[in-house]
Amino acid sequence: MKLVLTVSVAAAALLLYVTISRAENPCANGPPVEKNPMECCNMPMLLDKDIMMDCYQKYAEQTKKQIKMDGVPRGCCIAECGLNATGLYANGMINRDDMTKMFMDAVKDMPQWQMVIRDSLDECFKMAESKMDEIEAGAKLEPSFEGEKICHPISGTIMRCMGMMMFAKCPAGDYTDGKECDQLKEYNKMCPVI
């Protein structure tokens with residue numbers, strides 16, 4: 001279970017780096033610590049772990065290459081794969097009602113997470129709407145290396161945002177205090193999703 005969560009977090013970390021494109025950006029080198037968010041916050045799994053593991057295995061190498069690319073942010077095929085497999089995504093659109101139901105069902109026995117998930121979904125969809133021109137531009141990109149699949153950026157935008165919001169709003173009882181986790185939380189504040 002821990003391995004699957006770590007792989008899912010690695011996928012979330014890759015999603016974060018996709019938005020970073022300039023060397024002069026103070027966020028360009030990534031977090032100052034080796035910890036990942038799941039080691040600092042006991043976050044619920046919103047999507048089936050087996051689905052996400054499969055998607056990570058299919059698209060991790062591509063995502064690593066895309067992270068290093070400048071220009072319009074590329075879509076994250078890991079996220080699109082996961083949302084497509086769960087029926088939440090099709091043709092550049094996310095079914096917000098179904099996503100809300102699925103994510104709220106995932107935390108039905110975790111009352112401390114219910115408001116976090118609901119509020120994060122609202123914030124992430126508002127943010128995606130404000131970035132729709134950039135998201136649509138990313139969807140129209142052409143492959144830039146052999147075998148690259150172009151995925152619509154909406155899935156990665158929403159899922160990256162959800163991961164960052166959940167970490168930022170981690171309930172006290174699920175947060176692990178400590179220097180490295182606190183540094184990671186500060187980095188999260190300084191280096192926003194978009």
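The structure under discussion appears in the preceding block.
The structure contained in this document is the topic of the report that follows.

Cut-offs and rules
Residues numbered from 1 in each chain as written. Predicted model: local features only at pLDDT ≥ 70, side-chain atom pairs only at ≥ 80, totals over all residues. Heavy atoms only, no water. Helix = DSSP H or I, 4+ residues; strand = E, 2+ residues; numbered from the N terminus. Buried < 20%, exposed > 50% of the residue type's maximum accessible area, 1.4 Å probe, protein only. Contact = heavy atoms within 4.5 Å. Areas by Shrake-Rupley, 256 points an atom, 1.4 Å probe, with all protein chains shown as cover. Salt bridge = Lys/Arg side-chain N within 4 Å of Asp/Glu carboxyl O.

**Brief notes about the overall build of the protein chain**
A tally of regular secondary structure across the protein chain gives nine helices and two strands. From first element to last, N terminus to C terminus, the protein chain shows the α and β order α-α-α-α-β-β-α-α-α-α-α. Across the 194 residues in the protein chain, those meeting the buried criterion constitute 46%. Across the protein chain, the fraction of contacts at a sequence separation of at least 24, relative to all contacts at a separation of at least 6, is 75%. Carbon and sulfur atoms form 51% of the exposed surface of the protein chain, whose accessible area is close to 10,300 Å².

**Considering unusual backbone geometry**
Non-glycine residue N91 carries a positive phi angle of around 55°. With respect to the helices, strands and loops of the structure, N91 is situated in the loop between β1 (89–90) and β2 (93–94).

**Observations regarding the pattern of salt bridges**
Summed over all chains, the structure comprises seven salt bridges. One salt bridge connects R96 with D122, and the closest N-O pair in it is separated by 2.4 Å. Of this pair, R96 sits in helix α5 (residues 96–106) while D122 sits in helix α6 (residues 111–130), and the two are 26 residues apart along the sequence. Here D122 falls in the partly exposed class, since its relative accessible area comes to 32%. The salt bridge partner of K169 is E123, with a shortest N-O separation of 2.5 Å. Pair noted here: K169 is in the loop between α8 (153–168) and α9 (179–190) and E123 is in helix α6, with a separation of 46 residues, a long-range link. E123 sits in the partly exposed class, given a relative accessible area of 35%.

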